[in-house]
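What follows is each chain in one-letter form.
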Amino acid sequence: MALRSGNLAYMQYSELNRSKPVFVAGHNGMVGGAIVRRLSDLGFEQILTADRSELDLRDQSSVNEWFSSNKPEYVYLAAGTVGGIMANSTRQAEFLYDNLMIHATVVEAARLTEVEKLLYLGSSCIYPRLSEQPISEDCLLQGPLEPTNEGYAIAKIAGIKLCQFYAQQYGCNFITAMPTNLYGPNDNYDLESSHVLPALIRRFHDAKSEGEEIVTVWGSGSPRREFLHVDDLADACVHLMDGYSGVEHVNVGTGTDVSIAKLAHLVRQIVYPEVEIEFDTSKPDGMPRKLLDVSKLSELGWRATIDLEPGIKHAYDWFCDNYSEARGVG
Ligand code: GDP
């Protein structure tokens, strides 16, 4: 079941030609998969994807060859090595290397083959740890980064700058969007590498199945995060691809946040209301708060429409329906 947002105005996209080939890099991931679904709902006729086994996005010559043969006109760059606070902090070398390479090869191949427009997806972790809240686009590079995700953040910042410099130096129409924390169908549920929402869904679900009395939540519960359903993000991406060609990056979020403690209570209410919650303060909290200022996106005519509670219910239904095949389970 798709949880559709209300931004149906975009059924009449003005600029995008649905018959032109569109490449979604990273279609097996949660974000890429949601963009493919959205494009397909909108009637795009040629949605191109490439599995990791057929194309290593870190290898420039393979990527150039793939672009020359497939000739995409629009590119959504949603590929990358991603993960939650634990994976980010323990595999910083991998996160930095893989993401730097993937961004560089795809952007360069898009330039060489004269792609009409490219949308690069970053992340809200690009912003300094102690940014003023809500975080506006101009906080970028104004202070030190959060150490638990520095490698990933540096790669993502390099990706933004790459697109901006390609726009300035070569005149490429390459734009960049910075989503907040995401969740939804086809998330990663591996407890070591996942983000908080899929981790909580899985922990409460497994505790219910096994009749356990306590669920552990990492950290103090006090950090605050903003959560955007991935179907909303996909919708925002198509909106930006259609109507935005500025050099500056654009934040994508809901404009509201919750504490991790509140989030845990919400998930408990949906999955297993009888269980007790305990906080494991030996685990890192990460950034104290990460709430995006979404005024620029609002001025561009887009807002999120999937509220957190129905969004979590939708994600949990997906998890139950796909338990045995869900990423990171088993
Ligand atoms: P972040 O936004 O980059 O910090 O990414 P995460 O989604 O991994 O973590 C967000 C917050 O949720 C952090 O404060 C974590 O300590 C907290 N958290 C609580 N329980 C969990 C869990 O089981 N997994 C993860 N990844 N984070 C958790």
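One structure accompanies this document, and this report is about it. The residue numbers shown here count from 1 along each chain, following its written sequence. With pLDDT at 70 or above as the cut-off, local features in this predicted model cover only qualifying residues; side-chain atom pairs require 80 or more to be listed or tallied, and sums for whole chains, interfaces and linings still use all residues. Values reported for side chains reflect all heavy atoms of the structure, with hydrogen atoms and water molecules removed beforehand.

Comments concerning the overall build of the protein
Alright, step 1. Numbering of helices and strands runs from the N terminus, with a helix taken as a DSSP run of H or I at least four residues long and a strand as a DSSP run of E at least two residues long. The number of helices and strands found in the protein is 10 helices and 13 strands.
Alright, step 2. Taking 330 residues into account, the globule formula puts the C-alpha radius of gyration at 20 Å, and the protein, at 19 Å, falls close to it.
Alright, step 3. With 330 residues in all, the protein has 55% of them scored as buried.
Alright, step 4. When contacts within the protein are restricted to residue pairs at least 6 apart in sequence, long-range pairs at least 24 apart make up 83% of them.
Alright, step 5. In this description, accessible areas are obtained by the Shrake-Rupley approach with a 1.4 Å probe, and a residue is regarded as covered only by the protein chains that are shown. Carbon and sulfur atoms provide 48% of the accessible area of the protein, an area that totals close to 13900 Å².
Alright, step 6. Neither His nor the chain ends contribute to the count of charged residues, in which Lys and Arg are positive and Asp and Glu negative. Positions of charges follow a simple convention, taking NZ of Lys, CZ of Arg, CG of Asp or CD of Glu. With 28 positive and 45 negative side-chain charges, the protein shows a separation of 2 Å between the mean positions of the two kinds. Here the radius of gyration uses the C-alpha set of atoms, whereas the globule reference equals 2.2 Å times the residue count to the power 0.38. Accessible area is worked out with a 1.4 Å probe on protein chains only. A residue is then buried under 20% of its type maximum, exposed over 50%, and partly exposed in between. Any two residues whose heavy atoms approach within 4.5 Å are treated as being in contact.

Overview of the state of the cysteines
Alright, step 1. Here, a disulfide means two cysteine sulfur atoms that sit within 2.5 Å of each other. In total, this model carries 0 disulfides according to the counting rule given.
Alright, step 2. Note on Cys 125: no disulfide assigned, nearest cysteine sulfur contributed by Cys 139 at a separation of 14 Å.

Examining the environment of Tyr 323
Alright, step 1. Structurally, Tyr 323 can be placed in the segment after helix H10 (308-321).
Alright, step 2. It is 33 Å that separates the C-alpha atoms of Tyr 323 and Met 241, two residues lying 82 residues apart in sequence.

Topic: the packing of aromatic side chains
Alright, step 1. In this scheme Phe, Tyr and Trp rings, the latter by its six-membered ring, pair at centre separations within 6.5 Å, and the angle between planes marks the pair as stacked below 30 degrees, edge-to-face above 60, and tilted otherwise. Enumeration according to the criterion identifies 10 aromatic pairs in this entry.
Alright, step 2. With centroids separated by 5.0 Å and ring planes inclined at 65°, the aromatic side chains of Tyr 166 and Tyr 170 adopt a geometry described as edge-to-face. Here Tyr 166 and its partner Tyr 170 are both found in helix H5 (residues 150-170), 4 residues apart, which amounts to about one turn of the helix.
Alright, step 3. Residue classification places Tyr 166 among the buried residues on the basis of a relative accessible area of 12%.
Alright, step 4. In this structure Tyr 170 comes out as partly exposed when scored by relative accessible area, which is 41%.
Alright, step 5. Pairing Tyr 189 with Trp 318 gives two aromatic rings, centres 6.3 Å apart and planes at 15°, and the pair type is stacked. You can see Tyr 189 sitting in the loop between strand E6 (181-183) and helix H6 (196-209) and its partner Trp 318 sitting in helix H10, a full 129 residues away along the chain.
Alright, step 6. You can call Tyr 189 buried: its relative accessible area is 1%.
Alright, step 7. When its relative accessible area of 22% is taken as the criterion, Trp 318 is described as partly exposed.
Alright, step 8. Feature note: the residues Tyr 189, Tyr 316, Trp 318, Phe 319 and Tyr 323 constitute an aromatic cluster, connected by ring pairs.

Things to note about the site of the ligand
Alright, step 1. Residues are classed as near a molecule or strand on a simple rule: at least one heavy atom within 4 Å of it. Neighbouring residues of the ligand: 17 residues in total, closest Ile 85, Arg 203, Arg 225, Pro 284 and Asp 285.
Alright, step 2. A distance of 2.9 Å is found between an oxygen atom of the ligand and a backbone nitrogen or oxygen belonging to Val 196.
Alright, step 3. Protein chains bury 98% of the 540 Å² of accessible surface belonging to the ligand in isolation.
Alright, step 4. When residues of the shell around the ligand are traced back to their parent elements, those giving at least two are H6 and strand E7 (214-218).
Alright, step 5. Element by element, the count of residues in the shell around the ligand is highest for H6, at 3 residues.
Alright, step 6. Note on residue categories: nonpolar means Ala, Val, Leu, Ile, Met, Phe, Trp, Tyr, Cys or Pro, charged means Asp, Glu, Lys or Arg, and polar means any other residue, Gly included. Looking at the shell around the ligand, its residues break down into 8 nonpolar, 5 polar and 4 charged. Polar contact criterion, stated in full: a pair of N or O atoms within 3.5 Å, where within protein one must be able to donate a hydrogen and the other to accept it, and residues adjacent in sequence count only if both atoms are side-chain atoms.

Describing the sheet that holds strand E11 (residues 258-259)
Alright, step 1. Strand order in this open sheet of 3 strands is E11-E8-E13, and the pairing throughout is mixed. Each edge of the sheet is formed by a strand with only one pairing partner; in this case those strands are E11 and strand E13 (289-290).
Alright, step 2. Pairing of strand E8 (residues 224-225) with E11 involves 2 bridges; the strand directions are antiparallel. Its bridge partner lying in E11, Arg 225 is registered against Val 258. When DSSP finds at least two bridges between two strands, those strands are taken to pair.

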